[in-house]
Amino acid sequence: MRNQMSPSMFVLVYLILVLNGQSITTIAKARSNVRIVYLGEKPRDDPKLIQDSHHDMLATVVGSKEIASGLMVYSYKHGFSGFAAKLTESQAQQLAELPGVVHVIPNSLHKLQTTRSWDFLGLSPQSPNNILHNSKMGDGVIIGVFDTGIWPESKSFGDDGLGPVPSRWKGICISGDKFNATTNCNKKIIGARSYIDGFLAEYGQPLNSSRDREYLSPRDANGHGTHTASTAGGSFVGNVSFRGLATGTVRGGAPRARLAIYKVCWNILGGQCAAADMLKAFDDAIHDGVDVLSLSIGSSIPLFSDVDERDGIATGSFHAVARGIAVVCGAANDGPSAYTVHNTAPWILSVAASTTDRAFPTPITLGNNKTLLGQALFTGKEIDFTGLVYPESTGLDSTAGSCEALKLDKTSVAGNVVLCFTSMARQISFIASTVVQEAGGVGLIVAKHPRDILTSCVADFPCIEVDYEIGTQILFYIRSTGNPLVKLSPTKTIVGMPVSPKVAYFSSRGPSSIAPAILKPEHEIREFWNFSYQALLDSIMGLCLLLVWERRMEQGYFLQCM
């Protein structure tokens, strides 16, 4: 049994990291001949004997060890016992009936689910008395990231100021396509592996047969893994901004932590992750010595019952947690409806996305000198007073002014700003702005239900979002004025707004569709009881100290909680 270590309590900080919203999710049910034969806890400590027993078991069904070797995809031998193999339905049924087999499950395919966040959460590096400093910024913690790999050249993965790799680390870096283990791994990225055999068995095509570029190595072709790894444990990188907005120092929740990369998701059809590959990554991560595991991967609604144990994440994480490794998973992005939370096993920390106290106000000045504020990421030159138009419907057509179905007259739109309304959630601003731009318009105002995501339009084209109330005021001005005009000013950044954080609109909500009595995600528990972050952390820190005291005092030393 792996000893509990206080670095695992870094999960408290990392939990808050995930609240800032990064998840990739849905499961594609694939008809495949790859099955996962799960045998539960490993019966002995010798990995070679365990692997041999897996081949022997498979050989009893397929006829010989030679055939078994050819059908074997993975042998799970470190954190738990089991194997993945290419099987017919009949062979899978025979294995399921053998003594010692817990169950045989399909190799299902899963799909993938900032600079201000840490200061907003009270984790400023300038404050000497917060969790960030008390934990020495994660020094000594090893974070394992299951995702699409890593882009090692990013400044977030520099190792300046870091000491030697922890001596307890047993993991490795493996070279591959455009990834050199000697030069791409360092004292920050201390481990890097990739897992693809389970995915290729389902995909049935060469890796780069689609238009999506991919690397047969830990290198990230998608970008999601690089993002999540840097948010969890990225080093300090100063003077970072988005086109001059939100300027600050970007860093991870534990900037001095080490990163172990387990590439289990591949840049095919938006990002696909096979259960067989993820279970092998769990098996290796347990052996390697990680303290925390981060997975922004999930399953679709309806969820399989955890009792049914079809969920590879729930199975692998169970064995990781049993060995003192904290497992943090994204709750998914299927909000705002209830019962949409993923990764609901009680031993997993399932966390949602949260808003912060940062806003991007963008002034809209009407021809009557009334200034209204929208939200945008507009950093181009000011659009001085110009025409303002709304596509009025005629006849039976009532969709002319709808952002998702804009019908524009180029003669009236050229050189003007367009107002439209929408009830749809995402990407509409970008799509509508393209239509307006192609018609010769110089700006777009989108009236919509308030959301927590802003869309940046191409080439600094101004697309400013307002709520329905402001949108209606602008429409009234257009209809009551013979020559409506508008001026659009560049966006500003405001931080420190006196607002309470809330679950982001897009983030999945609880309760769990499997077991509503188990409150998920954990972030919603905080919101439900109206706890402050500090109160939540104080209470968990007390528990942390108690647990560490109980489990470590007999060994003669005390490890510090986060």
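Described below are features of the structure shown in this document. (Residues numbered from 1 in each chain as written. Predicted model: local features only at pLDDT ≥ 70, side-chain atom pairs only at ≥ 80, totals over all residues. Heavy atoms only, no water.)

1. A short note on the nonpolar core
Then, in step 1: Of all hydrophobic cores here, the largest spans 39 residues; its most connected members are F146, Y262, V290 and L293.
Then, in step 2: Of all the elements, helix 10 (residues 275-288) adds the most residues to this core, at eight residues.
Then, in step 3: Each residue touching F146, except ones within four places of it in the same chain, is listed here: Y262, V264, M278, A281, F282, A285, L293, S294, L295, S296 and I297.
Then, in step 4: Listed in part, the 22 residues of the second largest apolar core include L372, L388, Y477 and L488. (Core = buried A, V, L, I, M, F, W, Y, C linked by side-chain atoms within 4.5 Å. Buried < 20%, exposed > 50% of the residue type's maximum accessible area, 1.4 Å probe, protein only. Helix = DSSP H or I, 4+ residues; strand = E, 2+ residues; numbered from the N terminus. Contact = heavy atoms within 4.5 Å.)

2. A few points about the sheet that holds strand 2 (residues 34-40)
Then, in step 1: Reading across the sheet, the four strands line up as 3-4-2-5 and stay open at both edges, with antiparallel pairing between neighbours. This sheet does not close on itself; its edge strands, each paired only once, are strand 3 (72-76) and strand 5 (103-106). Each adjacent strand pair in this sheet contributes to an overall mean axis angle of 15 degrees, direction not counted.
Then, in step 2: Of the strand pairs in this sheet, strand 2 and strand 4 (residues 81-86) are connected by six bridges, and their pairing is antiparallel. Following the sheet pairing, R35 is matched in strand 4 by A85.
Then, in step 3: The strands touched by helix 10 are strand 2, strand 3 and strand 4; relative to strand 3, the strand with the most contacts, the crossing angle is about 30 degrees. (Pairing = 2+ DSSP bridges. Axes fitted to C-alpha atoms, helices over the stretch in contact; angles between N-to-C directions.)

3. Some remarks on a nonpolar patch on the surface
Then, in step 1: A contiguous nonpolar patch, built from F430, I431 and V458 and spanning about 230 Å² of accessible area, is present on the exposed surface.
Then, in step 2: Structurally, V458 can be placed in the loop between strand 23 (443-447) and strand 24 (463-466).
Then, in step 3: By relative accessible area, which is 36% here, V458 ends up partly exposed. (Patch = residues over 30% accessible without salt bridge, like charges linked within 9 Å, V, L, I, M, F, W, Y side chains within 5 Å. Areas by Shrake-Rupley, 256 points an atom, 1.4 Å probe, with all protein chains shown as cover. Salt bridge = Lys/Arg side-chain N within 4 Å of Asp/Glu carboxyl O.)

4. Remarks on helix 11 (residues 312-322)
Then, in step 1: Taken across its 11 residues, helix 11 has eight buried, putting it largely inside the fold.
Then, in step 2: Every buried residue of helix 11 is accounted for by G312, I313, A314, T315, G316, S317, H319 and A320.
Then, in step 3: Summarising the contacts, the buried residues of helix 11 are in contact with strand 2, strand 6 (109-112), helix 10, strand 14 (292-295), strand 15 (297-298) and strand 16 (326-330).
Then, in step 4: At the N-terminal end of helix 11, a side-chain oxygen is found 3.0 Å from the backbone nitrogen of I313, two or three residues along, and the residue is D311. (Polar contact = N/O pair within 3.5 Å; in protein donor to acceptor, adjacent residues only side chain to side chain.)

5. Some words on the sheet that holds strand 7 (residues 142-147)
Then, in step 1: One open sheet holds the six strands; their spatial order is 8-11-7-14-16-17, and the pairing between them is parallel. In the strand order of this sheet, the two ends are held by strand 8 (189-194) and strand 17 (349-351), each with one partner. This sheet shows a mean twist of 20 degrees between the axes of neighbouring strands, independent of strand direction.
Then, in step 2: Here three bridges tie strand 16 to strand 17, and the two strands are oriented parallel to one another.

6. Quick word on the packing of aromatic side chains
The geometry of an aromatic ring pair is captured by the separation of the ring centres together with the interplanar angle, meaning the angle of the planes.
Then, in step 1: Scanning the entire structure with this criterion turns up 10 aromatic pairs.
Then, in step 2: By way of ring pairs, the aromatic residues Y38, Y74, Y76 and F80 are connected into one cluster. (Phe/Tyr/Trp six-rings, centres within 6.5 Å; stacked < 30°, edge-to-face > 60°.)

7. Side note on the pattern of salt bridges
Then, in step 1: Counted under the stated rule, the structure contains 13 salt bridges.
Then, in step 2: Notably, a salt bridge pairs K280 with D283, separated by 3.6 Å at the nearest N-O pair. You can see K280 and its partner D283 sitting in helix 10, three residues apart, about one turn around the helix.
Then, in step 3: One salt-bridge network, in which partners are shared between bridges, spans R193, D284 and D288.

8. Overview of the pairing of strand 21 (residues 383-389)
Then, in step 1: Burial of strand 21 is extensive: five of the seven residues sit out of reach of the surface.
Then, in step 2: Examined bridge by bridge, strand 21 and strand 25 (residues 485-488) share three bridges and lie antiparallel to one another. Looking at strand 25, one finds that I383 is bridged to L488.
Then, in step 3: Of the pairings in the sheet, the one linking strand 21 to strand 22 (residues 417-421) comprises two bridges and is parallel in character. For V389, the partnering residue across the bridge sits in strand 22 and is V418.

9. Topic: the packing of helix 2 (residues 47-62) against helix 4 (residues 89-96)
The description of two helices packed together rests on the angle between their axes and the distance between the axes.
Then, in step 1: At a minimum axis separation of 10 Å, helix 2 and helix 4 run at an interaxial angle of 125 degrees. By the criterion of interaxial angle, the relationship of helix 2 to helix 4 is oblique. Pair helix 2 / helix 4 crosses with right-handed handedness. Contacts between helix 2 and helix 4 pair M57, L58, V61 and V62 from the former with Q91, Q94 and L95 from the latter.
Then, in step 2: Residues that form the contact of helix 2 with helix 4 fall into these classes: five nonpolar, two polar and no charged. (Parallel < 35°, antiparallel > 145°, perpendicular 65-115°, else oblique. Left-handed = near helix turned anticlockwise from the far one by under 90°. Nonpolar A, V, L, I, M, F, W, Y, C, P; charged D, E, K, R; others polar.)

The values are spatial; any link to function lies outside them.
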